Amino acid sequence: MFTGLIEEQGKIKSISRQGMFMCLSIVCKKIADDLKIGDSVAVNGICLTATSVIPGNGGAPGSGGAGAGAQFTADVMPETFRRTGLRLLHAGSNVNLERAMKADGRFGGHIVTGHIDGTGVVHSVSKEGNAVLYYIRAADSITDGIVEKGSVAIDGISLTVVNVGKIQAYGQKCFCVSVIPHTRDVTTLSEKRKGSTVNIECDILGKYAAKYAAASSVKAAFGA
């Protein structure tokens, strides 16, 4: 489980791809301090497993001194390839990184599973005071699981929804999130422009509630 609070931006060193199977090599610094093979890491909000960890100049992982140039690898299976924007990455791409939450950690964001519901496209970016508003268009199957003032993870970043469905674009609904300067500066949101693709994970609690409500409606319709 993750919280949607990004720990650092890593950089894609290389990508090995065969069809819809990929192996990512990601350069990092902070998260390599205690990263071990088999650990879960959210890469742009996608829960991946570290398959190798290579220490940087500061020493071995777990020593408290990963230093510059540490890296890890992670495999991407076809289902993840289809559902997410990982297919658009290339060597040199920046990615948001978060390690799985510790049991005794502080819960600063919201419950993020790292299981992406799908992708959306940035419709517009505008300033409002000290904040930046991102309008994101997505399929109804995604926006139906997003509520005003609820939580959503965009490329792994825990954000609060400002509104949903206020405009129509390309036959799809949009939702809006408001981002403070700090969040924009320390994540890949600073690189997002109109037309950029982002990974979306709806609030897990909302998804379960919606599924239960739908099942209850079906039972009621058939007099169950």
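Residues numbered from 1 in each chain as written. Predicted model: local features only at pLDDT ≥ 70, side-chain atom pairs only at ≥ 80, totals over all residues. Heavy atoms only, no water.

*Asks:* Please clarify how the overall build of the chain should be interpreted in this entry.
*Replies:* From N to C terminus, the chain includes 4 helices and 12 strands. Relative to the globule expectation of 17 Å for 224 residues, the C-alpha radius of gyration of the chain, 18 Å, shows essentially globular dimensions. Seen through its C-alpha atoms, the chain measures out along the principal axes to roughly 60 × 45 × 40 Å. Buried positions account for 42% of the 224 residues belonging to the chain. A separation threshold of at least 6 residues defines the contact pool for the chain, and within that pool the share at least 24 residues apart is 68%. Carbon together with sulfur atoms contributes 54% to the accessible area of the chain, which is approximately 11,200 Å² in total. Here the chain holds 24 positive side-chain charges and 19 negative ones, and the gap between their average locations is 4 Å. (Helix = DSSP H or I, 4+ residues; strand = E, 2+ residues; numbered from the N terminus. Rg over C-alpha atoms; globule rule 2.2 N^0.38 Å. Buried < 20%, exposed > 50% of the residue type's maximum accessible area, 1.4 Å probe, protein only. Contact = heavy atoms within 4.5 Å. Areas by Shrake-Rupley, 256 points an atom, 1.4 Å probe, with all protein chains shown as cover. Lys, Arg positive; Asp, Glu negative; His and termini not counted. Charge placed at Lys NZ, Arg CZ, Asp CG, Glu CD.)

*Asks:* Can you help me understand the environment of G38 in this one?
*Replies:* Tracing the backbone through its elements, the reader meets G38 in the loop between β2 (21-28) and β3 (40-43). In the structure, G38 is positioned 54 residues away from G92 in sequence and 24 Å away in space, judged by C-alpha atoms. Discounting residues that sit within four places of it in the chain, G38 has contacts with T49 and A50.

*Asks:* Explain the sheet that holds β2 here, please?
*Replies:* Whenever strands of a sheet pair, they do so through backbone hydrogen bonds, lying parallel or antiparallel. Read around the barrel, 6 strands follow the order β1-β2-β5-β4-β3-β6 and close on themselves; strand pairing throughout is antiparallel. Ignoring strand direction, the axes of neighbouring strands in this sheet form an average angle of 45 degrees. Where strand β4 (residues 46-54) lies against strand β5 (residues 70-76), 4 bridges are found, and the strand directions are antiparallel. Across the sheet, A50 pairs through a bridge with A74, a residue of β5. (Pairing = 2+ DSSP bridges. Axes fitted to C-alpha atoms, helices over the stretch in contact; angles between N-to-C directions.)

*Asks:* Explain the nonpolar core here, please?
*Replies:* Here is a general trend for soluble globular proteins: nonpolar side chains tend to be buried in one another's company. One finds I26, V43, L48, F72 and L97 to be the most contacted residues of the largest nonpolar core, which totals 24 residues. If you list the elements that add at least two residues to this core, you get β2, β3, β4, β5 and β6 (94-99). What I26 contacts, discounting residues up to four positions off in sequence, is G10, K11, I12, K13, V43, A70, Q71, F72, V95 and L97. One finds Y134, I146, I157 and C202 within the second-largest nonpolar core, a separate group that totals 20 residues. (Core = buried A, V, L, I, M, F, W, Y, C linked by side-chain atoms within 4.5 Å.)

*Asks:* Help me understand the environment of E8 in this model?
*Replies:* By the element assignment, E8 lies in strand β1 (residues 8-18). With relative accessibility at 12%, the residue E8 sits in the buried group. For E8 and C28, which are 20 residues apart along the polypeptide, the C-alpha to C-alpha distance reads 7.9 Å. Apart from the residues lying within four places of it in its own chain, the contact partners of E8 are C28, K29, K30, I31, V95, N96 and L97. In terms of polar contacts, E8 uses its side chain to reach the backbone amide nitrogen of K29, at 3.1 Å. (Polar contact = N/O pair within 3.5 Å; in protein donor to acceptor, adjacent residues only side chain to side chain.)

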